[in-house]
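Observations on the model geometry
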Amino acid sequence: MHLEARLAVIRSFLPEQRKVASAHLRGYATLPGITPDERTLLGLLAQMGRYEVWPAEEVAATARRALAGGAYFDDATGSIDAMVAWLVALVALIAADGFDDARREIDRAKQRVRLHGSPVEFAMVCNPAIIMHWQLGNLAFVEAEAEGVLAAVSEEDPVAQVIALRATATHFGAYCALERGDVDGAATLLARFDAEHSDVPRMLPTIWLHEPRASVALARGNPELARAEAFEQRDQLHAIGVDPPTMSWRSPAVQALLLLGEQREARTLAGELVAVARKWNTPTDVGPALRVLAHAEPDGRLALLTEAVAVLETSRARLHLARALVDLGEALRVAGRRSEARDPLHRGIDLATECGSIALRTRAVAALESLGDRPRKLMFAGVQALTASERRVADLALTGRANREIAHELFVTPKTVENHLGRIYTKLGINGRRELARALS
């Protein structure tokens, strides 16, 4: 059983082995999850269910059996192979909207890894936290965690696990930069990964990077490149039989095709995305898919956006809800229903502000101003001027931790912490730690 589990972990990094791995793992679907090796196989099976779009409830149940209420992490600590299956089981649970159980698992794991973990183990615990908080719309947290992962593993050997961690941190770091309106920052993150890992073997976390590359191309007004990047991800995923609704290539592909005047293909892809999302059947995926379809279906746009908002109201995906609300408000404004447009736009602005999406807030404010409303201006001074990483260091300093303790907890050097604190003091207009509590309140 131990050899079977190790073989399954190795296969999980080899896309060309995915179909063989699926057949292999299905033979272990009835394991009770009593031993660490059984949990490893169940964790990888949960990942497979996510990739192959089994019903989300079934995948969540398999993931919970693998995690065993924290028992798997206790057994996995110290073994990178075992932690791979712990991580992917947790990501599968998050993808299935199992946020509460996932949060408890992550919080418990973080406490343990901060005391006894290695930089790679720290990054592996941060990885599912990044994905969960992206789904929940906590952009400042995501950006800080992504920066923390990249810093923690910067000196590690580029083995498959480390490359996968860097790819995921780069992926979501680029997302956050785009939400801040920093297109060049997102492009720089992706280019840095490409330069450092130009000759790495293809694996799923690196395949997913085509999607943020497509989003950068769209932001730069290059729909042809966006379509090429999206279709490259499509081809690589289809070659191995993977097509989950989350981080789907179809979303940027639809936007690119619409800009290129290819409405029919755009509608087809958007319809496929809705079908895949409904098969998975979580509001966090169905709502955004309906929103994408609304862009490709002018005649049914209002109805689809109304449905997307209603679905996302049952989810905890605040950023997805904010996007649907802003789209609905804009669609109502264009349809001449100006008084009805105000409420979703105001709500969208509030949610975008809470999530930290400057780009979405800016778009919603422009739509609201065209109706004659003037929302409160967003000021970036003081605490709001801190970056995600600076805020994290400031919060830890506020607890009384010394620089070395903060560095140990974040797996960075004391000099990095010292540099962060210097910038924090300058931005807050204070002279040192004694004034932090007042400045952060």
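Residues numbered from 1 in each chain as written. Predicted model: local features only at pLDDT ≥ 70, side-chain atom pairs only at ≥ 80, totals over all residues. Heavy atoms only, no water.

Concerning empty space enclosed by the protein
- Under the counting rule described, the total for this entry stands at 3 cavities of 30 Å³ or more.
- When its volume is computed, the largest cavity comes out at roughly 360 Å³.
- For the largest cavity, the lining is made up of 22 residues, of which Gln47, Leu87, Val88, Thr168 and Pro205 are closest to its centre.
- Put simply, the parts of the chain that give the lining of the largest cavity at least two residues each are α3 (36-51), α6 (80-95), α8 (119-136), α10 (160-179) and α12 (204-207).
- The element contributing the most residues to the lining of the largest cavity is α10, with 6 residues.
- Among the residues making up the lining of the largest cavity, the classes are represented as 15 nonpolar, 6 polar and 1 charged. (1 Å grid on protein atoms, 1.4 Å probe; cavity = no way out; pocket = protein on both sides within 12 Å on 5 of 7 lines; lining within 4 Å. Points joined across faces, edges and corners; volume = space filled by probe spheres on them. Helix = DSSP H or I, 4+ residues; strand = E, 2+ residues; numbered from the N terminus. Nonpolar A, V, L, I, M, F, W, Y, C, P; charged D, E, K, R; others polar.)

Quick look at the packing of α8 against α10
- It is the contact of α8 with α10, at a shortest axis distance of 10 Å, that shows an interaxial angle of 35°. Both α8 and α10 take part in a crossing whose hand is left-handed. On α10, the residues that touch Val120, Ala123, Met124, Asn127, Ile130, Ile131 and Trp134 of α8 are Val162, Leu165, Thr168, Phe172, Tyr175, Cys176 and Glu179.
- Taken together, the residues of the contact of α8 with α10 break down into 11 nonpolar, 2 polar and 1 charged. (Axes fitted to C-alpha atoms, helices over the stretch in contact; angles between N-to-C directions. Left-handed = near helix turned anticlockwise from the far one by under 90°. Contact = heavy atoms within 4.5 Å.)

Focus on the packing of aromatic side chains
- Scanning all chains against the criterion turns up 6 aromatic pairs.
- Here Tyr51 and Trp208 contribute two aromatic rings whose centre-to-centre distance is 6.2 Å and whose plane-to-plane angle is 55°, an arrangement assigned as tilted. One end of the pair, Tyr51, is in helix α3; the other, Trp208, is in the loop between α12 and α13 (210-219), with 157 residues separating them in the sequence.
- For Tyr51, a relative accessible area of 6% puts it in the buried group.
- Assessed through its relative accessible area of 6%, Trp208 is described here as buried. (Phe/Tyr/Trp six-rings, centres within 6.5 Å; stacked < 30°, edge-to-face > 60°. Buried < 20%, exposed > 50% of the residue type's maximum accessible area, 1.4 Å probe, protein only.)

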